Amino acid sequence: MDLGVISVRYARALLKCSVEMKAEDQVYQEMQTLAESYIKVPELRRAIDNPMIAREKKAELIKVAAGGKISNVTERFIALVLQEVRESAIQFIANAFVTLYRQQKNITRGKLTTAVPVSDAIEQKMRKMVESRTKGTVEFSTEVDPDIIGGFVLEYDTYRMDTSVKSQLSNILKQLG
């Protein structure tokens, strides 16, 4: 069976269970942390996929990767995944869960990139603008990138507003060349 199909099925089941147990927000945080752990610590995948490591050790590794002190729902879910020998899919399950949760809660991810740090007031103004356009909640992050020289780049969903000096200079150079 396809890894993507398996991951989405498990993620849907986890979301349904976590909603029933009124723990979906905590499980969401844990799945985000778990997905990020796989990215930040590439050795995690090798350890989880290693057949020589006992299930109990894998369970402990996954719990730590999900944030340490985890909800009962997540703990039971990890046990089920290990029991069904689906641990190689857990990273994909975590990512699928995050996606399904965001869809269900109408959450959009937004990112503001500026050349210099912006004030909280400007960040809030940009967040509110994105929320009004998406008619939902926005998980907003800011990034400082001096390479854009000035202006900003705002991204959410498939939308990208680039008012950076770097892109404006690049457009002028294209027109001249």
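Higher on the page you've got the structure.
A quick note: this is a predicted structure, and the numbers were derived from the prediction, not measured.

**Student:** Would you mind going over the overall build of the protein with me for this structure?
**Tutor:** When you go through the protein residue by residue, the secondary structure sums to 8 helices and 4 strands. Counting from the amino terminus, helix and strand elements in the protein follow one another as α-α-α-α-α-α-β-α-β-β-β-α. A globule of 177 residues ought to have a C-alpha radius of gyration of about 16 Å, yet the protein, at 20 Å, is considerably larger. Within the span of the protein, comprising 177 residues, buried residues form 39% of the whole. Counting only carbon and sulfur atoms, one obtains 55% of the accessible surface of the protein, whose full area is about 10,800 Å². Across the protein, the centroid of the 26 positively charged side chains sits 3 Å from that of the 23 negatively charged ones.

**Student:** What is the right way to read the pairing of strand β1 (residues 107-114) from this model?
**Tutor:** Residues in a regular strand project their side chains so that they alternate between the two faces of the sheet. Buried residues dominate β1, accounting for 6 of its 8 residues. The pairing of β1 with strand β2 (residues 137-144) spans 8 bridges and is classified as parallel. Bridging across to β2, Thr113 finds its partner in Glu143. At this point the chain moves from β1, through helix α7 (residues 120-134), to the parallel β2, and the crossover so formed is right-handed. In the sheet, β1 pairs with strand β3 (residues 152-156) via 5 bridges, with the strands oriented antiparallel. Paired with Gly110 across the two strands is Tyr156, which belongs to β3.

**Student:** Help me out: how do you make sense of the packing of aromatic side chains in this one?
**Tutor:** One pair of aromatic rings is described through two measures. These are the centre distance and the angle between the planes. Scanning the model with the defined rule gives 4 aromatic pairs in all. An angle of 15° between the planes, with centres 3.9 Å apart, marks the rings of Tyr28 and Tyr101 as stacked. Taken together, the residues Tyr28 in helix α2 (residues 24-40) and Tyr101 in helix α6 (residues 90-105) connect sequence positions 73 residues apart. Considered together, Tyr28 and Tyr101 belong to a single accessibility category, that of buried residues.

**Student:** Sorry, what's going on with the packing of helix α1 (residues 3-20) against α2 here?
**Tutor:** When two helices pack together, their arrangement is given by the angle between the helix axes and by the axis-to-axis distance. One way to put it is that α1 packs onto α2 with a least axis distance of 8 Å and a crossing angle of 140°. Classified by the angle between their axes, α1 and α2 sit oblique to one another. Of α2, the residues touching α1 (which contributes Leu14, Ser18 and Val19) are Glu24, Val27 and Met31. Grouping the constituent residues of the contact of α1 with α2 by class yields 4 nonpolar, 1 polar and 1 charged.

Cut-off values and rules
Residues numbered from 1 in each chain as written. Predicted model: local features only at pLDDT ≥ 70, side-chain atom pairs only at ≥ 80, totals over all residues. Heavy atoms only, no water. Helix = DSSP H or I, 4+ residues; strand = E, 2+ residues; numbered from the N terminus. Rg over C-alpha atoms; globule rule 2.2 N^0.38 Å. Buried < 20%, exposed > 50% of the residue type's maximum accessible area, 1.4 Å probe, protein only. Areas by Shrake-Rupley, 256 points an atom, 1.4 Å probe, with all protein chains shown as cover. Lys, Arg positive; Asp, Glu negative; His and termini not counted. Charge placed at Lys NZ, Arg CZ, Asp CG, Glu CD. Pairing = 2+ DSSP bridges. Right-handed = clockwise from strand over helix to strand, strands pointing away. Phe/Tyr/Trp six-rings, centres within 6.5 Å; stacked < 30°, edge-to-face > 60°. Axes fitted to C-alpha atoms, helices over the stretch in contact; angles between N-to-C directions. Parallel < 35°, antiparallel > 145°, perpendicular 65-115°, else oblique. Contact = heavy atoms within 4.5 Å. Nonpolar A, V, L, I, M, F, W, Y, C, P; charged D, E, K, R; others polar.

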